[in-house]
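Per-entry structural report
Letter by letter, the chains look like this.
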Amino acid sequence: MQETVFTYGAPQLKFGPGASDEIGYDLSQSGAKRVLVVTDAGVAATGHPQRVADQMAEFGIEAVVYDGSRVEPTDASLQAAVDHARETGPWDAFVAVGGGSAIDTAKAVDLLCTNPGDLIDYVNAPVGGGRSPAHPLAPLVAVPTTTGTGSESTTVCVLDVLAQQVKSGISHPRLRPTMAVVDPRLTMTQPAGVTAAAGMDILCHALESWTARPYTSYPRKQPEERVPYCGANPIADMWAEKSLRLLATSFRQAVKNGDDEDARTQMSLAATFAGMGFGNAGVHIPHANAYPVAGRVRDFRPEGYPDDHAMVPHGMAVALTAPEAFRFTFDADPERHVRAAELLAPGSDRPDDLREYLPGVLADLMRDIGIPNGLGAVGYAESDVPALAEGTLKQQRLLATAPKDVTEDDATAILTRSLELW
Ligand SMILES: [Zn+2]
């Protein structure tokens with residue numbers, strides 16, 4: 001029997017310039033007395049986390065900053081954060097200030113301060129034990145300082161499991177933050193390169209959830225089998241569409257002029273909307289490709305990011321195969337692909353072959369905002385494709401949301417054609 005039910009979940013939301021000044025008030029209303037502020041060293045240097053902590057003190061809350069989150073968390077970095085929180089606790093609530101990495105770290109900390117056992121017990125099977133938290137978590141307020149990741153809206157914590165050399169996650173509805181506080185002023189210091197990469201992540205969240213396999217195409221689930229990512233559905237569609245419209249008018253401007261508070265606010269709104277969509281519908285091929293593309297990096301160092309280690313930032317890793325991925329998924333629903341291109345580039349000329357429309361619009365945008373020209377430009381060659389394809393096929397949880405089945409040949413073709421995009 002085919003599925004007839006979809007689900008929708010989202011955190012409470014406070015949005016707008018100045019929103020982060022109200023966290024102390026909000027938490028004091030829940031009776032919190034001791035709060036751990038989780039961030040990373042880079043974000044701590046901007047002063048935002050300490051400002052949030054100081055502001056909570058005015059409401060009689062003892063707030064302590066922990067800046068040991070790692071950008072791209074590992075099981076080891078999460079364990080260190082958990083050990084710190086368990087030793088210095090108990091904590092009534094957690095506040096995460098930073099990008100997806102800080103927010104994901106706070107999710108793991110909250111989980112293991114409120115539930116027994118070890119981190120690996122809760123990691124998705126087969127990498128970990130796939131255990132579900134037995135108790136509710138403490139309130140978690142997520143304050144994103146990077147526009148894009150959407151982690152403030154999702155039920156997932158992503159981590160590298162070092163011993164098994166694999167990226168995996170912890171996924172459970174209880175991990176969704178209680179409240180997302182999105183304050184565009186906190187994103188004003190983002191360098192242009194970060195705005196470009198993180199913006200492509202927003203764009204791909206919207207496009208992938210918009211083109212995801214429809215929820216009605218799955219077999220009917222039992223209540224205990226329901227998953228956070230249920231496929232494209234009318235409510236996620238609405239957020240994705242609106243996000244694409246906002247990106248069409250603000251993305252190039254936010255990269256070109258980072259001081260434009262209006263463009264920053266529109267980008268923050270686009271990120272929030274996309275998060276509310278993909279946090280329920282799911283993402284697919286570009287995100288599945290992004291895991292090996294980021295994971296197998298050799299020596300690429302992107303502009304705007306710390307240069308102490310090689311990396312392909314998440315949003316860039318997602319973007320590099322997006323044009324080819326959407327060329328591949330076109331036949332699943334041509335109308336949706338055309339509509340997405342029209343939303344992103346209103347008034348643009350339609351090519352004769354409509355399959356080329358969305359890939360063309362994406363390539364134009366990526367060239368304009370300084371995203372590298374394909375996987376070749378971040379250090380990959382044709383000889384790397386088999387290993388990358390193998391990594392893509394390991395992401396079956398994401399590929400299950402793709403609107404077409406993805407074989408090894410399909411993944412190989414998408415990755416090969418993504419070596420150079422224009
Ligand atoms: Zn993403």
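Residues numbered from 1 in each chain as written. Predicted model: local features only at pLDDT ≥ 70, side-chain atom pairs only at ≥ 80, totals over all residues.

1. Considering the overall build of the chain
- Counting secondary structure elements, the chain contains 17 helices and eight strands.
- What you see for the chain is a C-alpha radius of gyration of 20 Å, in line with the 22 Å of a compact globule of 422 residues.
- Overall size of the chain, expressed as C-alpha extent along the three principal axes, is 65 × 50 × 45 Å.
- Residue burial in the chain is summarised as follows: out of 422 residues, 54% are buried.
- Considering only contacts within the chain whose residues lie at least 6 apart along the sequence, 78% involve residues at least 24 apart. (Helix = DSSP H or I, 4+ residues; strand = E, 2+ residues; numbered from the N terminus. Rg over C-alpha atoms; globule rule 2.2 N^0.38 Å. Buried ≥ 20, exposed ≤ 12 C-beta atoms within 10 Å, placed from the backbone. Contact = placed C-beta atoms within 7 Å.)

2. Here we look at the UniProt feature "domain: Alcohol dehydrogenase iron-type/glycerol dehydrogenase GldA" (unreviewed entry) in the chain
- Mapped onto the present numbering, the UniProt feature "domain: Alcohol dehydrogenase iron-type/glycerol dehydrogenase GldA" (unreviewed entry) falls at residues 12-184.
- Summarising residues 12-184: 31% helix, 27% strand, and an end-to-end C-alpha distance of 17 Å. (UniProt positions renumbered as here; feature names shortened; annotations may be inferred.)

3. Thoughts on the domain arrangement of the chain
- For the chain, the assigned domains are domain 1 (19-182) and domain 2 (190-417).
- The distance between the C-alpha centroids of domain 1 and domain 2 comes to 25 Å.
- Facing 14 residues of domain 1, the contacting portion of domain 2 comprises 21 residues. (Domains from an automatic or database assignment.)

4. Some words on the packing of helix H8 (residues 234-256) against helix H9 (residues 261-281)
- Where H8 meets H9, the axes come as close as 8 Å, and the angle between the chain directions of the two elements is 150 degrees. Between H8 and H9, the angle falls in the class roughly antiparallel. At the point where H8 passes H9, the crossing takes the left-handed sense.
- Among the residues forming the contact of H8 with H9, the class breakdown is 16 nonpolar, seven polar and two charged. (Axes fitted to C-alpha atoms, helices over the stretch in contact; angles between N-to-C directions. Parallel < 35°, antiparallel > 145°, perpendicular 65-115°, else oblique. Left-handed = near helix turned anticlockwise from the far one by under 90°. Nonpolar A, V, L, I, M, F, W, Y, C, P; charged D, E, K, R; others polar.)

5. Focus: the packing of helix H12 (residues 322-329) against helix H17 (residues 408-417)
- Contact geometry for H12 and H17: axes closest at 8 Å, N-to-C directions at 135 degrees. It follows from the interaxial angle that H12 and H17 lie oblique. Taken as a pair, H12 and H17 cross one another with a handedness that is right-handed. Contacts between H12 and H17 involve Glu 324, Ala 325 and Phe 328 from the first element and Asp 410, Ile 414 and Arg 417 from the second.
- Grouping the constituent residues of the contact of H12 with H17 by class yields three nonpolar, no polar and three charged.

6. Considerations on the UniProt feature "domain: Fe-containing alcohol dehydrogenase-like C-terminal" (unreviewed entry) in the chain
- In the numbering adopted here, UniProt assigns the feature "domain: Fe-containing alcohol dehydrogenase-like C-terminal" (unreviewed entry) to residues 231-418.
- Summarising residues 231-418: 62% helix, 0% strand, and an end-to-end C-alpha distance of 26 Å.

7. Topic: the nonpolar core
- Ranked by internal contacts, the top residues of the largest apolar core, which has 78 residues, are Met 200, Ala 270, Ala 274 and Ala 319.
- For this core, the leading source of residues is helix H7 (residues 192-210), giving 11 residues.
- Filtering out sequence-adjacent residues up to four positions away, Ala 274 remains in contact with Gly 150, Ile 202, His 205, Ala 206, Trp 239, Ala 240 and Ser 243.
- Counting residues in each nonpolar core, the second largest holds 51 residues, with Ala 44, Val 97, Ala 102 and Leu 119 among its members. (Core = buried A, V, L, I, M, F, W, Y, C linked by C-beta atoms within 7 Å.)

8. Things to note about unusual backbone geometry
- The amide bond that connects Gly 89 to the next residue, Pro 90, takes the cis arrangement and shows omega of 5 degrees.
- Residue placement: Pro 90 occurs in the loop between helix H4 (75-88) and strand E4 (93-98).
- The omega torsion across Ala 125 and Pro 126 is 5 degrees, close enough to zero to call that bond cis.
- As for its position among the elements, Pro 126 is in the loop between helix H6 (119-122) and strand E5 (140-144).
- Located in the positive-phi region is Glu 72, a residue other than glycine, with phi close to 70 degrees.

9. Here we look at the environment of Ala 240
- The topology assignment puts Ala 240 in helix H8.
- Overall, the presence of 27 C-beta atoms within 10 Å leaves Ala 240 in the buried class.
- Along the primary structure Ala 240 and Asn 115 are separated by 125 residues, whereas in three dimensions their C-alpha atoms are 34 Å apart.
- When neighbours within four sequence positions are excluded, Ala 240 is seen to be in contact with Ala 206, Ser 209, Trp 210, Ala 274 and Gly 277.

10. Observations concerning the environment of Thr 114
- With respect to the helices and strands, the residue Thr 114 is situated in helix H5 (residues 100-114).
- Here the alpha-carbon distance between Thr 114 and Pro 286, two residues 172 residues apart in the chain, equals 34 Å.

11. Here's the deal with the pairing of strand E7 (residues 166-171)
- Taken across its six residues, E7 has five buried, putting it largely inside the fold.
- Summarising the sheet, strand E6 (residues 156-161) and E7 pair through six bridges and their orientation is antiparallel. Along E7, the bridge assignment pairs Val 156 with Ser 171.
- Two successive antiparallel strands, E6 and E7, enclose a turn made up of four residues, where Gln 165 displays a positive phi of approximately 45 degrees. (Pairing = 2+ DSSP bridges.)

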